[in-house]
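Observations on chain architecture
Each chain, letter by letter, is given below.
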Amino acid sequence: MSVRVRRVYDPPEPQDGVRVLVDRLWPRGLAKDAARVDEWPKALTPSTELRRWYHAGEGSYEEFAERYGAELAAEEAAEALEGVRELARRGEVTLLTASKTPEESHASVLARLLGA
C-alpha cells in the first residue's frame, strides 16, 4: 500500500497513481483539467468548524489531528476513508491538498491512517 501527500498545485507525476483531492473547496486558480483529480471524496475533509479552529492558531497540530481523527469515525467519513484505502490496496494513491504545509495538514493525518 503506497500513499503519499502532495500539493495539488504541483504538476502531476506518473508515479502519482490515483490522485485524490482531500480539500472541501476546489483550489483557487487551478483549472480542473490541469489538476488531473481522479477522486474528490468531500466526506473526508475536516468540518468547517475544525478547519477554522486550526487555521486560527487556537490549537496544536497534534490536537487538530486527534479531533480530525474523531470526525473520521463518523459513518460517511469512515466509508469514504475505506474507499481510499481500497484504492491504495490496488496501487499508488496521492492525496492532494492546497495547503502550503501539507506535512501539517489533514492530508498527512489521512496518509497516516491509510498506512503511509
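One can find the structure itself at the top, above this paragraph.
So, here's what we can say about the structure. A quick note: this is a predicted structure, and the numbers were derived from the prediction, not measured.

**What to know about the pairing of strand S3 (residues 92-97)**
Counting buried positions along S3 gives five out of six residues, so the element sits mostly inside the fold. Note that strand S1 (residues 2-7) and S3 share six bridges and pair parallel. In the strand pairing of S3, arginine 6 is matched with leucine 96. Pairing analysis gives four bridges linking strand S2 (residues 18-21) to S3, with the strands arranged parallel.

**Describing unusual backbone geometry**
We note that arginine 36 has phi near 50 degrees; this positive angle belongs to a residue other than glycine. Within the element layout of this structure, arginine 36 appears in the loop between helix H1 (32-35) and helix H2 (48-55).

**Quick notes on helix H4 (residues 75-90)**
Helix length check: H4 (16 residues) gives 23 Å between terminal C-alpha atoms against 22 Å at 1.5 Å per residue, within 8%. Those residues of H4 lying buried are Ala77, Ala80, Leu81, Val84, Arg85, Leu87 and Ala88. The arc that holds the buried residues of H4, viewed along the axis, is 155 degrees, so those residues lie on one side. Opposite the buried face of H4, by more than 90 degrees, sit the exposed residues Glu75, Glu76, Glu79 and Arg90.

**So, the pattern of salt bridges**
Using the criterion set out here, one finds ten salt bridges in the structure. In this structure, the salt-bridge partner of glutamate 63 is arginine 67, at a minimum N-O distance of 2.9 Å. Within this pair, glutamate 63 and its partner arginine 67 are both found in helix H3 (residues 61-71), separated by four residues, close to a single helical turn.

**Thoughts on the nonpolar core**
Val93, Leu95 and Leu110 are the most contacted members of the largest nonpolar core, which totals 25 residues. Within the residue set of this core, elements represented by two or more residues are H2, H3, H4, S3 and helix H5 (106-113). Per-element tally for this core: the top contributor is H4, with six residues. Residues in contact with leucine 95, not counting those within four places in the same chain, are Val3, Arg4, Val5, Arg6, Val20, Val22, Val84, Ala107, Leu110, Ala111 and Leu114. Counting residues in each nonpolar core, the second largest holds five residues, with Val8, Leu30, Ala35 and Leu96 among its members.

How each quantity is defined
- Residues numbered from 1 in each chain as written.
- Predicted model: local features only at pLDDT ≥ 70, side-chain atom pairs only at ≥ 80, totals over all residues.
- Heavy atoms only, no water.
- Buried < 20%, exposed > 50% of the residue type's maximum accessible area, 1.4 Å probe, protein only.
- Helix = DSSP H or I, 4+ residues; strand = E, 2+ residues; numbered from the N terminus.
- Pairing = 2+ DSSP bridges.
- Expected span 1.5 Å × (residues − 1).
- Arc of directions from axis to C-beta.
- Salt bridge = Lys/Arg side-chain N within 4 Å of Asp/Glu carboxyl O.
- Core = buried A, V, L, I, M, F, W, Y, C linked by side-chain atoms within 4.5 Å.
- Contact = heavy atoms within 4.5 Å.

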